Amino acid sequence: AQSVAQPEDQVNVAEGNPLTVKCTYSVSGNPYLFWYVQYPNRGLQFLLKYITGDNLVKGSYGFEAEFNKSQTSFHLKKPSALVSDSALYFCAVSLGASGGGADGLTFGKGTHLIIQP
Amino acid sequence: SAVISQKPSRDICQRGTSLTIQCQVDSQVTMMFWYRQQPGQSLTLIATANQGSEATYESGFVIDKFPISRPNLTFSTLTVSNMSPEDSSIYLCSVGTSGRNEQFFGPGTRLTVL
């Protein structure tokens with residue numbers, strides 16, 4: 001069975017500082033990894049994905065994530081945080097047996113990111 | 001990315017009744033999924049809606065409680081049957097296409113059961 005761990009319920013960062021939201025995963029195979037963001041009263045928005053290739057993937061709104069196979073991690077990062085980045089962030093994994101879009105996702109519990117002015 | 005709509009956006013229902021949630025996509029997609037997000041919790045996959053065949057349910061979810069239809073490649077429904085307050089959640093549909101390696105979510109249906 002696959003699982004995702006987001007060890008921090010909340011991350012507080014000052015505006016302009018770099019941010020990191022942590023994610024580790026457990027799958028019995030090659031993972032397809034995703035980050036989604038959820039703003040209050042809005043749906044889940046896709047940020048970025050890792051399927052294969054370069055370990056550093058770039059996504060929407062200036063976010064990027066680094067895949068580390070040896071540490072089974074996929075941490076979300078941004079060089080300079082904005083107050084508007086404040087939201088709930090979810091890491092997710094699928095086995096990708098049928099192509100990531102064709103497999104249900106297993107989500108972490110989410111991390112509240114709070115950017116302070 | 002696909003444009004996904006869900007109806008209703010929210011509802012308040014009485015215990016013991018059923019609610020059917022609709023998910024409509026603006027383009028044909030291979031896979032549709034239904035998730036539940038309980039208050040303050042993460043998303044949990046309920047089932048995969050297969051076009052032309054029965055849905056595939058995850059452990060802990062059964063067809064009698066959550067019947068699903070997928071009549072074509074752009075539409076699916078999820079029914080929450082014989083509701084109890086524990087069914088109060090946000091229900092989200094998502095869509096994916098084999099080989100695209102991305103999944104996009106609808107806005108969700110916020111269900112409150114009294």
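Residues numbered from 1 in each chain as written. Chains lettered and ligands numbered in written order. Predicted model: local features only at pLDDT ≥ 70, side-chain atom pairs only at ≥ 80, totals over all residues. Heavy atoms only, no water.

J.: Give me the lowdown on the side chain of Gln-6 of chain A, citing residues and values where you can.
T.: All names here are of chain A. Looking at the secondary structure, you find Gln-6 in the loop between strand 1 (3-5) and strand 2 (10-14). Its relative accessible area of 2% is what places Gln-6 among the buried residues. Within the structure, Gln-6 has its side chain in polar contact with the backbone oxygen of Tyr-89 (distance 3.0 Å). Only 3.0 Å separates the side chain of Gln-6 from the backbone nitrogen of Cys-91, close enough to count as a polar contact. (Helix = DSSP H or I, 4+ residues; strand = E, 2+ residues; numbered from the N terminus. Buried < 20%, exposed > 50% of the residue type's maximum accessible area, 1.4 Å probe, protein only. Polar contact = N/O pair within 3.5 Å; in protein donor to acceptor, adjacent residues only side chain to side chain.)

J.: A description of the pattern of salt bridges should follow, citing residues and the corresponding values.
T.: Residue and element names in this part refer to chain A. Counted according to the given criterion, the structure contains five salt bridges over all chains. Between Glu-64 and Lys-58 there is a salt bridge, with the nearest N and O atoms lying 2.9 Å from each other. Judged by its relative accessible area of 18%, Glu-64 falls in the buried class. On the accessibility criterion, Lys-58 (65% relative accessible area) is exposed. (Salt bridge = Lys/Arg side-chain N within 4 Å of Asp/Glu carboxyl O.)

J.: Go over the interface of chain B and chain A with me, naming the residues and quoting the values.
T.: Taken together, the contacts link 21 residues of chain B with 22 residues of chain A. Contact between chain B and chain A buries roughly 1,600 Å² in total, counting both sides, with carbon and sulfur atoms accounting for 53%. Taken as a group, Asn-101, Gln-103 and Phe-105 of chain B account for 33% of the area that chain B buries against chain A, more than any other trio of residues on that side. In this assembly, chain B and chain A are joined by zero salt bridges. If you look at where chain B meets chain A, you find four residue pairs in polar contact (both at pLDDT 80 or more). For the side of chain B that touches chain A, the secondary structure elements donating two or more residues are strand 4 (31-37), strand 5 (43-49) and strand 10 (103-105) of chain B. Ranked by the residues each element gives to the side of chain B that touches chain A, the list is headed by strand 4 of chain B, at four residues. In terms of residue class, the side of chain B that touches chain A is built from eight nonpolar, ten polar and three charged. (Contact = heavy atoms within 4.5 Å. Buried area = accessible area lost by both parts, 1.4 Å probe. Nonpolar A, V, L, I, M, F, W, Y, C, P; charged D, E, K, R; others polar.)

Keep in mind these values describe shape, not function.
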